[in-house]
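# Survey of secondary and tertiary structure
Chain by chain, the residues:
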Amino acid sequence: MTLRRPNTAFVGALAAAALALSACGGNSAPSSGAVKSKSSGVVKIKIGWIPPNTTGVFQTATQYFQKAAQEANKNGFDVQIVTQAPSGGEANTAGLNQIMENMITQGVDVITVSPGNTEAIKPAVRAANAAGIPVVYVNLLDVQKDVKVDAYVGFDNVNAAKVSAYALLDYLGGPGVLGAGEKVKVDPSAPLDLKWWEKTYANVDKSSIRGQGVVIEGVKGTIYSTQRLQGFNEVISQFPNVKVLGTLPGDWDRGKGATATEDLITRFPNAGFVWAASNEMALGAINVLTPTGRLDVNPNGAPPTAGKVSVLTNDNTPESTDAIRKGLIIAETTHGFPDWGWVGTSIAVKLVCKEKVDVRTDINPRTVYFGNPDQFYPNPKLPTIDWSGIRSNCKK
């Protein structure tokens, strides 16, 4: 792959210092691009992976980037995953841009990135475009204007939050799999996705469900937080006797989620639930509610306990799945983090190999609850990837 020199003004503005990049799955020395060894037929590909932070969510995704690379490397590839997150998390947009610029100059073959701020990252994406390096967005399906993003792997944040809202309504007395409401028989392997929930609630008396609680959003004003609030509120607002008493940002952070929970429960002592838009913040809420005896601990999906506070959330990682098994989290909407890495690696390799890929890969959000956690961890069900076929068709 021939790389054109990145815009020097952009580099000068962002690359104040070189960042050390950690390589997983092979030699960490810089490569000159995807190379096919004449002696062995092995295709070497270096994938840059830039998560916005190093929380459990993105640790899980990174783990499955690495697992997918290991599978590829059994089938004629030498795939390296080069991972670097900006210090300070997704708020550090300059740091994320700088990491991408460094990856461009070091000659990665493809960049996968989860942008916290889609507008702020566009200069770096344009630099990758100019260098001829494919870009894959992870954790986002919204097609971007003014830049070329070759593929998107993620989920609809609005729909994911709607799924969480329906799980809450279920726990508060509506039909479903939780609480005291009508129990709906489900195949244990069936996905409790938005389609399932909307069908279940199509003829529900919306005034019959009652409850009140608080919400912890992510980084206020960013796309992910805005879309999740939108989806949750769109559903809850249809049920006149379910009230959101207050909302505070927790910045996707466990410590800040704990602080937000403490503030909200102090202001609204009669709150019966906390919906946290990510599980890091939910785990922070649990840390606050447990010592005071306020946490509703319910490992069997029984009705809510009066005077307690139930925690529901979004994301789904091994840690939060264990919390569901223990009843600390009532329900959680999975966003498919293993799929991000597993599928994202295959798409990145296909792009380098000049193979056709789907522009958008939607990881269907669905409910995790006491009845189905083993579907998700420790051994998540992942799609089969034909690495041998990808290698046979690789034109690089």
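One can find the structure itself at the top, above this paragraph.
Structural notes, computed from the coordinates. (Residues numbered from 1 in each chain as written. Predicted model: local features only at pLDDT ≥ 70, side-chain atom pairs only at ≥ 80, totals over all residues. Heavy atoms only, no water.)

Moving on, we come to the overall build of the protein chain. When helices and strands are counted, the protein chain shows 12 helices and 14 strands. Across the 396 residues that make up the protein chain, the buried fraction comes to 57%. Relative to all contacts within the protein chain whose residues are 6 or more apart in sequence, the contacts with residues 24 or more apart total 74%. (Helix = DSSP H or I, 4+ residues; strand = E, 2+ residues; numbered from the N terminus. Buried < 20%, exposed > 50% of the residue type's maximum accessible area, 1.4 Å probe, protein only. Contact = heavy atoms within 4.5 Å.)

Read across the sheet, 6 strands follow the order β9-β8-β10-β11-β12-β14 without closing on themselves; strand pairing throughout is mixed. Strands at the two margins of the open sheet, each flanked by one partner only, are β9 (242-249) and β14 (366-368). On average, each strand axis in the sheet is inclined to that of its neighbour by 20°, with strand direction left out of account. Where strand β8 (residues 211-217) and strand β10 (residues 273-276) come together, 4 bridges link them in parallel fashion. Across the sheet, residue I216 finds its bridge partner in β10, namely A276. (Pairing = 2+ DSSP bridges. Axes fitted to C-alpha atoms, helices over the stretch in contact; angles between N-to-C directions.)

This part covers the environment of P191. Residue position: P191 is located in the loop between α5 (157-171) and α6 (194-200). Classification of P191 by relative accessible area gives partly exposed; the value is 39%. Filtering out sequence-adjacent residues up to four positions away, P191 remains in contact with W196 and R366.

In this section: the side chain of T345. Locating T345 in the fold gives a position in helix α11 (residues 337-352). When sequence neighbours within four positions are dropped, the list of residues in contact with T345 reads I47, Y64, F65, A68, A69, I81, W340 and W387.

Let us look at the state of the cysteines. What the rule picks out here adds up to 1 disulfide. Disulfide pairing is shown between C353 and C394; the S-S distance is 2.1 Å. Disulfide C353 to C394: torsion about the S-S bond roughly -80°, handedness left-handed. With C353 in the loop between α11 and β13 (360-362) and C394 in the segment after α12 (387-393), this residue pair connects regions lying 41 residues apart in the sequence. (Disulfide = S-S within 2.5 Å.)

The subject of this paragraph is the pattern of salt bridges. Evaluation of the coordinates by the stated rule reveals 12 salt bridges. For D315, the salt bridge is made with R228, and the minimal N-O distance between the two is 3.8 Å. With a gap of 87 residues between them, D315 in strand β11 (residues 310-315) and R228 in helix α7 (residues 223-236) connect regions that are remote in the sequence. Judged by its relative accessible area of 5%, R228 is buried. Where R325 meets D322, a salt bridge forms, and the shortest distance between an N and an O atom there is 2.9 Å. With R325 and D322 both in helix α10 (residues 318-325), this residue pair falls 3 residues apart, about one helical turn. Look at D322 and you get partly exposed, because its relative accessible area is 38%. The network of salt bridges with shared partners includes E119, K122 and D146. (Salt bridge = Lys/Arg side-chain N within 4 Å of Asp/Glu carboxyl O.)

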